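Residue strings, one per chain:
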Amino acid sequence: MPVPFDRLVTVPFRRFAPRFARDPLNGIELVESASAGGDIVRLGLGPLRPYVLSRPEHIEHVMAANPGNYVREGWLWEPLSRLVGDTSGSDGLWWKKREVYQQLVNGPALRGFADDLAATVVGAVDELTDRARGGAPINASEEMPRIVYRAITKVLLGSRISIPHADRLGDALRVASRAMQPRLLAPFVPARMPWPKDREFTRALATVNGIAYPIVEQAQADADKDGSPEGTDIVSRLLRARTDDGQRFTRTDLRDGMVGLFTAGTETTGVAMAMVWAVLENNPDVAARVYDEVGRVVGAGPVTGAHLPELVYTRQVALEMLRIYPPGWMLPRMIKQDDVIGGVPVKAGGLIVLSPYLTHRLADVWPDPHRFDPDRHTPGSTVVRERHRYAYLSFGAGPHACVGRQFFLLEAVAIIAALVSRFRPRLAEPVSSKPRLGLTLGPSTPVRLILDPLPASA
Ligand code: HEM
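Everything quoted here is computed from the prediction, not taken from an experiment. All residue numbers refer to position in the chain's written sequence, counted from 1. Reporting in this predicted model follows two pLDDT cut-offs: at least 70 for local features of residues, and 80 or more for side-chain atom pairs to be given and counted; totals over whole chains, interfaces and linings ignore these cut-offs and use all residues. Only hydrogens and water are set aside when side-chain values are computed; all heavy atoms of the structure are taken into account.

*Asks:* Sorry, what's going on with the packing of aromatic side chains here?
*Replies:* Each aromatic ring pair is characterised by the separation of its centres together with the angle its planes make. Stacked, edge-to-face and tilted are the three classes for Phe, Tyr and Trp ring pairs, Trp counted by its six-membered ring, which pair at centre distances within 6.5 Å; planes under 30 degrees apart are stacked, over 60 edge-to-face, the rest tilted. One pass over the full model with this rule turns up six aromatic pairs. A ring pair is formed by Trp366 and Tyr392, whose centres lie 6.3 Å apart and whose planes are at 65°; its orientation type is edge-to-face. Placement of the pair is Trp366 in the loop between α16 (356-359) and α17 (382-386) and Tyr392 in the loop between α17 and α18 (405-420), with a sequence separation of 26 residues. Tyr392 matches Trp366 in its accessibility class, with the two residues each being buried. Between Phe395 and Phe408, the aromatic rings sit 6.0 Å apart at their centres with planes inclined by 55°, giving tilted as the arrangement. Taken as a pair, Phe395 in the loop between α17 and α18 and Phe408 in helix α18 lie far apart in primary sequence, 13 residues in all. Phe408 matches Phe395 in its accessibility class, with the two residues each being buried. Our definition puts a charge over a ring when NZ of Lys or CZ of Arg is within 6 Å of the ring centre and also within 35 degrees of the ring normal. The ring of Trp77 carries the charged tip of Arg72 above its face, separated from the ring centre by 4.5 Å. Over the ring of Tyr213 we find Arg251; its NZ or CZ atom is 3.9 Å from the centre of that ring. Helical segments are the DSSP runs of H or I of at least four residues, strand segments are the runs of E of at least two, and each set is numbered from the N terminus. Categorising residues by exposure relies on relative accessible area from a 1.4 Å probe, with only protein chains included: less than 20% of the type maximum marks a residue as buried, more than 50% marks it as exposed, and the intermediate range marks it as partly exposed.

Spelled out as structure tokens, the structure:
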């Protein structure tokens, strides 16, 4: 039954703002009930009064049919651009960077480094073994991001960064992302006005720059000495790239390109890989199928790149995880010119918020939406073929869609398989199924895991 789209529901400031400020999830749940299955919601949030969209038809309109009218400026993007440089794409440089990113983390290049990725993950899991000995719980909320930094650093930066520096860079990016949260909760506060955690953010930014600029400068110096850099890492690729009018990227562009890719690829993946263990514990039937698949494909291990494409069900688990808990739970866009979405007029200068979190909970799009069911993603199945193209929004859509989707799936499967081929992870204490919403969506409390060794690796 199609739902009528031409309705606008308004949630006033006094109802929304206090709940959102206290607990963003609580605010979003209010929107979920107000939107009653997909109406456009106008939020009372100070002068901004954003429109919240969740229906796939509306997402398609904004992200794919008319993306030039909905730009990445303002809320979220302003504080984020202090960390990663311009994200709007308005100066054209972003598109060149995106092209370079795609060459690095997609297609043939991706297949080329699957073995390296798997070996790095296995090495990082080995390090966990000592910490988990004798049943001591490990903090997956800290350890999973660390594994992710290692994997992404190895593949994206190769030998340009040492492991201790990669760990420090990852930690600083995490602190910077968390320090942005108060600004996200108060989008009407101008950037020039001091706000809580600004100092923490500035300190973390200084650490990021203290690591990133020397890497870029060294790469530039090597290139000046040896001509065009041969490396396949992100800095070498950006150094070789030329803009459409033949210009090289500046030192700042190179820094932004490297930090931007690292940021996009780590925070999202880190929280997802912490959350997955809570989800598996709460869904023992799913966990049993994952154990079975990993046992059949990988055996006692170690996991290699060749195993990863065969772990089809484990990949579906990763996709379903991101449906229920999409780390990028809101994607804001600024409206350039007046438009009409689903019969609702929207004004230039206004703010649109697309919410994968809400889209993934629409019952007519995702039947029984709260049920964790990886079979929703079975390749080639009728449900997948018949689903609206813009129903699954975890990786965004349109010209700014995530370039790291395939990379993430490879990495997530490698991490799950590396752990499950050696251990039966279980939670040291329960983790709420209600997530925490910040810059990304993640577990509301630290996920502490006990790693019971399987007999072969005991
Ligand atoms: C759980 C894993 C991930 C999730 C949920 C995720 C989600 C997203 C989303 C929703 C967007 C679109 C943002 C928008 O439309 O405004 C995006 C963009 C992006 N992602 Fe991911 N991502 C993930 C992993 C990765 C990884 C591993 C990489 C890199 C290796 C990566 C690199 C990027 C980049 C560079 C963009 C910007 C694309 C552009 O603006 O043109 N992501 N991601």
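Additional details are given in the paragraphs that follow.
*Asks:* Looking at this structure, I do not really get the packing of helix α9 (residues 163-179) against helix α11 (residues 198-226). What am I missing?
*Replies:* A pair of packed helices is characterised by two quantities: the angle between their axes and the separation of those axes. Structural elements are reduced to axes, namely lines fitted to C-alpha atoms, with helices fitted over the stretch in contact, and the angle between N-to-C directions of any two is expressed from 0 to 180 degrees. Direction vectors running N to C along α9 and α11 enclose 150°, while the axes themselves pass 8 Å from each other. The angle between α9 and α11 places the two elements in the roughly antiparallel class. As for the relative orientation of α9 and α11, their crossing is left-handed in sense. Here His165, Arg168, Leu169, Ala172, Leu173, Val175, Ala176 and Ala179 of α9 come into contact with α11, specifically with Glu200, Phe201, Ala204, Thr207, Val208 and Ile211. Each residue receives one of three labels: charged for Asp, Glu, Lys and Arg, nonpolar for Ala, Val, Leu, Ile, Met, Phe, Trp, Tyr, Cys and Pro, and polar for the others, Gly being one of them. Partitioned by chemical class, the residues of the contact of α9 with α11 number ten nonpolar, two polar and two charged. An angle counts as roughly parallel when it lies under 35 degrees, as roughly antiparallel when it exceeds 145, as roughly perpendicular when it falls between 65 and 115, and as oblique in every other case. What makes a crossing left-handed is the near helix being turned counterclockwise from the far one by less than a right angle; a clockwise turn instead makes it right-handed. Two residues qualify as a contact provided that any one of their heavy atoms is within 4.5 Å of a heavy atom in the partner residue.

*Asks:* Which parts of the structure should I look at to understand the coordination of the iron atom of the ligand?
*Replies:* Six octahedrally arranged donors around a metal ideally form angles of 90 or 180 degrees; four tetrahedrally arranged donors ideally form angles of 109.5 degrees. In this structure, the iron atom of the ligand receives exactly one donor atom from the protein: Cys402 (SG), at 2.3 Å. Along the chain, the position of Cys402 falls in the loop between α17 and α18. Water is not among the atoms examined, so metal sites may look incomplete; donors are the N, O and S atoms within 2.8 Å of the metal, or within 3.2 Å for Na, K and Ca.

*Asks:* Got a minute to help me understand the UniProt feature "binding site: heme" (unreviewed entry) in the protein chain in this structure?
*Replies:* Taking the UniProt record as the reference, the feature "binding site: heme" (unreviewed entry) is found at Cys402. Taking the relative accessible area as the measure of exposure, Cys402 reaches 37% and is therefore partly exposed. UniProt positions are given in the numbering used here, feature names are shortened, and annotations may be inferred rather than shown by experiment.

*Asks:* Looking at this structure, I do not really get the nonpolar core. What am I missing?
*Replies:* Only buried Ala, Val, Leu, Ile, Met, Phe, Trp, Tyr and Cys residues count toward a nonpolar core, and they belong to the same one when joined by side-chain atoms within 4.5 Å. The biggest cluster of nonpolar side chains holds 137 residues, and the ones touching the most others in it are Ile234, Met273, Trp277, Met321, Phe408 and Leu419. Discounting chain neighbours no more than four positions away, the residues touching Met321 are Ala272, Met275, Val276, Val279 and Phe372. Leu53, Ile59, Val344 and Leu393 belong to the second largest nonpolar core, which has 17 residues in total.

*Asks:* Can you walk me through the sheet that holds strand β13 (residues 448-453) in this structure?
*Replies:* By definition, the strands of a sheet pair up through backbone hydrogen bonds, in either a parallel or an antiparallel sense. Strand order across the open sheet formed by three strands is β5-β13-β10, with antiparallel pairing between neighbours. Only two strands of the sheet have a single partner each, and these edge strands are β5 (138-139) and β10 (423-427). Looking at chain direction, β10 and β13 are connected through five bridges and run antiparallel. Bridge pairing in β13 places Leu427 opposite Leu449. Here a strand pair is declared whenever DSSP counts at least two bridges between the two strands.

*Asks:* Is there a simple way to explain the site of the ligand in this structure?
*Replies:* Neighbouring residues are identified by heavy atoms, a residue being near a molecule or strand if any of them is within 4 Å of it. Around the ligand sit 28 residues, and of these Arg72, Arg98, Arg333, His400 and Cys402 come closest. A 3.5 Å cut-off defines polar contacts: any pair of N or O atoms within that distance qualifies, except that in protein one atom must be a possible hydrogen donor and the other a possible acceptor, and neighbouring residues in sequence count only when both atoms are side-chain atoms. Within the contact set of the ligand, an oxygen atom lies 2.7 Å away from a side-chain nitrogen or oxygen of Arg72. A distance of 2.9 Å separates an oxygen atom of the ligand from a polar atom in the side chain of Trp94. Two kinds of site are reported from a 1 Å grid over the protein atoms alone, namely cavities, where a 1.4 Å probe fits but cannot get out, and pockets, open sets with protein on both sides within 12 Å along at least five of seven lines, and residues are called lining when an atom falls within 4 Å of a point. A molecule is said to be in a cavity or pocket once over half of its atoms fall within 2 Å of that pocket's grid points. In this structure the site holding the ligand corresponds to the largest cavity.

*Asks:* What is the right way to look at empty space enclosed by the protein in this model?
*Replies:* Unoccupied space between atoms shows up once a probe the size of one water molecule is rolled over them. Grid points are joined across faces, edges and corners, and a volume is the space filled by probe spheres set on the points. Taken as a whole, this structure holds six cavities of 30 Å³ or more when the rule is applied. If you add up the space inside the largest cavity, you get close to 1,000 Å³. Lining the largest cavity are 43 residues, with Arg72, Ala264, Gly265, Thr268 and Cys402 positioned closest to its centre. Of the residues assigned to the lining of the largest cavity, the class counts are 25 nonpolar, 13 polar and five charged. Space inside the second largest cavity adds up to approximately 90 Å³. As for the second largest cavity, its lining consists of Phe16, Phe20, Ile28, Leu43, Leu45, Val52, Trp75, Trp329, Met330, Val353, Ser355 and Leu358. Classifying every residue of the lining of the second largest cavity by side-chain character gives eleven nonpolar, one polar and no charged.

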